[in-house]
Amino acid sequence: MSQYDTQVPEAEWFSLVMRCPACLSEQKEPGPAAQWFHASDDGFVQVGSSAQYRCTSCRCVEHVKSWRYACEAHQTDFRPTSSAHLANALSTAGQITSVAGRQWMQRFLENLGEW
Ligand SMILES: [Zn+2]
Ligand SMILES: [Zn+2]
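These numbers were taken from a predicted model, which means no experiment stands behind them.

### Examining the coordination of the zinc ion (ligand 2)
Alright, step 1. At this site the zinc ion (ligand 2) is bound by H38 (ND1), D41 (OD), D41 (OD), C55 (SG) and C58 (SG), with donor distances of 2.0 to 2.6 Å.
Alright, step 2. Sequence spacing of the donors to the zinc ion (ligand 2): H-x2-D-x13-C-x2-C.
Alright, step 3. Residue classification places H38 among the buried positions, given a relative accessible area of 16%.

### Topic: helix α3 (residues 83–91)
Alright, step 1. Taken as a whole, α3 has its buried residues at S83, L86, A87, A89 and L90. Looking straight down α3, one finds that the buried residues subtend no more than 160 degrees of arc, so they occupy a single side.
Alright, step 2. Tucked into the core, α3 has its buried residues touching β2 (17–18), α2 (21–25), β4 (45–48), β5 (52–55) and α4 (94–112).

### A few points about the nonpolar core
Across soluble globular proteins, nonpolar side chains have a tendency to be buried as a group.
Alright, step 1. Core analysis: the largest hydrophobic core is formed by 27 residues, its most contacted members being M18, Y53, Y69, I96 and F108.
Alright, step 2. Top element by residues in this core is α4. It accounts for six residues.

### Focus: the environment of Q103
Alright, step 1. Turning to its location among the elements, Q103 is positioned in helix α4.
Alright, step 2. Each C-alpha atom, one on Q103 and one on S49, is 9.1 Å from the other, the two residues being 54 residues apart in sequence.

Each value, and the rule that gives it
- Residues numbered from 1 in each chain as written.
- Chains lettered and ligands numbered in written order.
- Predicted model: local features only at pLDDT ≥ 70, side-chain atom pairs only at ≥ 80, totals over all residues.
- Heavy atoms only, no water.
- Donors = N, O, S within 2.8 Å, 3.2 Å for Na, K, Ca; no water.
- Buried < 20%, exposed > 50% of the residue type's maximum accessible area, 1.4 Å probe, protein only.
- Helix = DSSP H or I, 4+ residues; strand = E, 2+ residues; numbered from the N terminus.
- Arc of directions from axis to C-beta.
- Contact = heavy atoms within 4.5 Å.
- Core = buried A, V, L, I, M, F, W, Y, C linked by side-chain atoms within 4.5 Å.

Quick look at the structure:
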């Protein structure tokens, strides 16, 4: 067990594979679901039921609220989303629904809040 796992025992982490929540919030075609990477170091990003993202490279952990997104449609333009659109993007991501399951999603939503 790593030191990190000890700090947040309740979070279960999954690879962040989803459509672009920023495009969703702008009513634009978000394109297919894809793995997200941390812009500063290209590390794989994971999402936890704590409503946090973590980068598997630099190990930073932050609430999803403070992150911005750049997809293929706006590669250098990092855009925000809303809690509702992020929840939408995640709840339609195959891995979250099939592997993580409804309980995970429920916890995620509780920790997500509204913004
Ligand atoms: Zn986008
Ligand atoms: Zn990183």
